Amino acid sequence: MAQKRVQLTPAQAGAFYAVHKERPFYNDLVSFMISGPVVLQVLEGENAVAKNRDVMGATDPKKAEAHTIRAQFAESIEANSVHGSDSAENAANEIRFFFAETEILP
């Protein structure tokens, strides 16, 4: 429904991952997220969150099933290669964080 490529600022990455601010990996996560451009997408479909999480694999790439994105491309939990919402509610919040309504097409 939407896709764009952006270079996150430290403030954007920090705000997006603010829920992890007190965790020891927060600074490394923010640093990784601003280290290069990212591709943002809005996906739609039946069980889209669960299906996307299956394709991504476990958050810890060492525990991700073979042939998932994280098993193939993630370096660590912080340098994870992909982020995906863990619920429809979080997906809605994350979409609003990155996309204007006019950028999302049916």
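Conventions we followed
Residues numbered from 1 in each chain as written. Predicted model: local features only at pLDDT ≥ 70, side-chain atom pairs only at ≥ 80, totals over all residues. Heavy atoms only, no water. 1 Å grid on protein atoms, 1.4 Å probe; cavity = no way out; pocket = protein on both sides within 12 Å on 5 of 7 lines; lining within 4 Å. Points joined across faces, edges and corners; volume = space filled by probe spheres on them. Helix = DSSP H or I, 4+ residues; strand = E, 2+ residues; numbered from the N terminus. Phe/Tyr/Trp six-rings, centres within 6.5 Å; stacked < 30°, edge-to-face > 60°. Buried < 20%, exposed > 50% of the residue type's maximum accessible area, 1.4 Å probe, protein only. Core = buried A, V, L, I, M, F, W, Y, C linked by side-chain atoms within 4.5 Å. Contact = heavy atoms within 4.5 Å. Polar contact = N/O pair within 3.5 Å; in protein donor to acceptor, adjacent residues only side chain to side chain. Arc of directions from axis to C-beta.

Participant: I would appreciate a short explanation of the layout of surface pockets in the present structure.
Facilitator: A water-sized probe rolled over the atoms picks out the places where empty space is left. As a volume, the largest pocket reaches approximately 1,400 Å³. Surrounding the largest pocket, 45 residues form its lining, Tyr-17, His-83, Gly-84, Ser-85 and Glu-94 being those nearest its centre. Counting residues per element, the ones that place at least two in the lining of the largest pocket are helix H2 (26-33), strand S2 (38-42), helix H3 (48-56), helix H4 (69-73) and helix H5 (88-98). If you tally residues by element for the lining of the largest pocket, the top one is H5, at 8 residues.

Participant: What's the story with the packing of aromatic side chains in this structure? I'm lost.
Facilitator: By convention here, two paired aromatic rings are described through the distance between centres and the angle between planes. With the rule as written, the count across this model stands at 4 aromatic pairs. Between the aromatic rings of Phe-16 and Tyr-17, the centroid separation amounts to 4.8 Å while the plane-to-plane angle is 90 degrees, which identifies the pairing as edge-to-face. By relative accessible area, which is 16% here, Phe-16 ends up buried. With a relative accessible area of 7%, Tyr-17 lands in the buried category.

Participant: What should I look at first to understand the nonpolar core in this one?
Facilitator: One recurring pattern in soluble globular proteins is that nonpolar side chains are buried together. Membership of the largest hydrophobic core comes to 15 residues, with the highest contact counts inside it found for Leu-8, Tyr-17, Met-33, Phe-98 and Phe-99. Within the residue set of this core, elements represented by two or more residues are helix H1 (10-16), H2 and S2. Considering every element that reaches this core, the biggest residue donor is H2, with 4 residues. When residues no more than four places from it in sequence are discounted, the contact partners of Tyr-17 are Tyr-26, Leu-29, Met-33 and His-83.

Participant: So what exactly am I meant to see when it comes to the environment of His-83 here?
Facilitator: One can find His-83 in the loop between H4 and H5. You can call His-83 partly exposed: its relative accessible area is 36%. Sequence spacing of His-83 and Met-56 is 27 residues, and the spatial spacing of their C-alpha atoms is 8.1 Å. Apart from residues no more than four positions distant in its own chain, His-83 is found in contact with Phe-16, Tyr-17, Met-56, Arg-70 and Glu-94. There is a polar contact of 3.2 Å between the side chain of His-83 and the side chain of Glu-94.

Participant: Explanation requested: H5 in the structure shown.
Facilitator: Along an α-helix, a turn takes 3.6 residues, which lines up residues three or four apart on a common side. Along H5, the residues classified as buried are Ala-91, Glu-94 and Phe-98. For H5, the buried positions fall inside an angular range of 70 degrees around the axis, keeping them on one side. Opposite the buried face of H5, by more than 90 degrees, sit the exposed residues Glu-89 and Arg-96. For H5, the secondary structure elements touched by its buried residues are strand S1 (2-6), H1, S2 and H3.

Participant: How should unusual backbone geometry be read in this particular structure?
Facilitator: Leaving glycine out, the prevailing phi sign among residues is negative, and the prevailing peptide bond configuration is trans. For Asn-47, which is not glycine, the phi torsion reads 55 degrees and is therefore positive. Along the chain, Asn-47 falls in the loop between S2 and H3. For His-67, which is not glycine, the phi dihedral falls at a positive 75 degrees. Here His-67 shows up in the loop between H3 and H4. Given a relative accessible area of 71%, His-67 falls into the exposed group.

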